[in-house]
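Take a look at the letters that make up each chain.
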Amino acid sequence: MTRAVLACFFLCTWNLVTEAQEADAMTMPLAAAGDPAIGRAIFSDRESGHCVLCHQVDGLEVPFQGNLGPALSDVGARLTEAQIRLRIVDNTKVNPGTVMPSYYRTTDLHQVGRAYQGETVLSAAEVEHLVAWLSQLTGRKE
Ligand code: HEC
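Scope of this entry: the structure provided in the associated data block. It should be emphasised that the depicted structure is a prediction, and the values quoted were computed from it without experimental measurement. (Residues numbered from 1 in each chain as written. Predicted model: local features only at pLDDT ≥ 70, side-chain atom pairs only at ≥ 80, totals over all residues.)

Of the regular secondary structure elements, the protein chain holds 5 helices and 0 strands. Walking the protein chain from its N terminus toward its C terminus, one meets helices and strands in the order α-α-α-α-α. Split into buried and exposed, the 142 residues of the protein chain put 23% on the buried side. Once local pairs closer than 6 in sequence are excluded, the contacts in the protein chain between residues at least 24 apart make up 59%. (Helix = DSSP H or I, 4+ residues; strand = E, 2+ residues; numbered from the N terminus. Buried ≥ 20, exposed ≤ 12 C-beta atoms within 10 Å, placed from the backbone. Contact = placed C-beta atoms within 7 Å.)

Pasting the structure below:
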């Protein structure tokens, strides 16, 4: 009896831990390892990511960086690659009320017309380029 209770307790706790990890991070890369230099360009580019609309990064030569979101100059020291990935893919998983767009959400698209099925704001490769660059930002001067 005690053993059964213990086993149950262990399993439940373990489930909670893995669920919490899944909710806060996305461990599996979406594509091959990204290139930080390309990630930096996507971050600044008006036509693709345009993350600078809401985020500021020290040393980045782009005028008018926004502050609606937190500064990301040291994001690589605060978050793991997997946590950064999830926030780019679908930040509503972290904060349901977020104003940050979901850049690679492929679920919940049942109502979308056939032509747009599977279409995401950024490609899988672009997300990985961003992850590669952001995870290098540790707040130290470049
Ligand atoms: C419309 C504004 C907006 C845009 C555009 C935007 N974000 Fe965000 N982002 C936010 C806000 C606000 C948060 C803070 C978390 C929240 O939503 O409450 C955030 C959080 C983050 C975080 C977590 C930071 C931390 O310190 O916890 C990362 C990483 C991130 N954004 C990356 C990006 C990237 C990469 C892009 C471009 C592809 C982007 N964001 C575009 C508003 C934005």
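Among the secondary structure elements, Val94 is positioned in the loop between helix 4 (81-90) and helix 5 (124-134). Sequence spacing of Val94 and Asp24 is 70 residues, and the spatial spacing of their C-alpha atoms is 6.3 Å. In this view, Val94 contacts Asp24, Leu86 and Arg87; residues no more than four positions away in its chain are not counted.

What follows concerns the nonpolar core. Ile88, Val89, Val127, Leu130, Val131 and Leu134 are the most contacted members of the largest nonpolar core, which totals 21 residues. Looking at this core element by element, the count peaks at 6 residues for helix 5. Apart from the residues within four sequence positions on either side, Leu130 is in contact with Gly34, Gly39, Ile42, Phe43, Gly49 and Ile88. (Core = buried A, V, L, I, M, F, W, Y, C linked by C-beta atoms within 7 Å.)

Our focus in this paragraph is the site of the ligand. In the vicinity of the ligand lie 25 residues, with Cys51, Cys54, Gly69, Thr98 and Met100 positioned nearest. Contributions of two or more residues to the shell around the ligand are made by helix 3 (75-78), helix 4 and helix 5. At 3 residues, helix 4 tops the list of elements feeding residues into the shell around the ligand. Taken together, the residues that form the shell around the ligand break down as 17 nonpolar, 6 polar and 2 charged. (Near = placed C-beta within 6 Å. Nonpolar A, V, L, I, M, F, W, Y, C, P; charged D, E, K, R; others polar.)

Before going further, it helps to spend a moment on unusual backbone geometry. Even without being glycine, His50 reaches a positive phi, approximately 50°. With respect to the helices and strands, His50 occurs in the loop between helix 2 (36-44) and helix 3.

Glancing now at the packing of helix 2 against helix 5. How two helices sit against one another is set out by the angle between their axes and by the gap between those axes. Two numbers describe how helix 2 lies on helix 5: the axes approach to 7 Å, and their chain directions differ by 105°. Between helix 2 and helix 5, the interaxial angle falls into the category roughly perpendicular. For the pair helix 2 and helix 5, the contacting residues are Pro36, Ile38, Gly39, Arg40, Ile42 and Phe43 in the first and Glu126, His129, Leu130, Ala132, Trp133 and Leu134 in the second. Here the contact of helix 2 with helix 5 is built from residues that sort into 8 nonpolar, 2 polar and 2 charged. (Axes fitted to C-alpha atoms, helices over the stretch in contact; angles between N-to-C directions. Parallel < 35°, antiparallel > 145°, perpendicular 65-115°, else oblique.)

The next subject is helix 2. Taken residue by residue, helix 2 has Gly39, Arg40, Ile42 and Phe43 as its buried positions. Each buried residue of helix 2 sits inside an arc of 165° when the element is viewed along its axis, so together they form one side. The elements touched by buried residues of helix 2 are helix 5. (Arc of directions from axis to C-beta.)

Nothing here speaks to function; it is all geometry.
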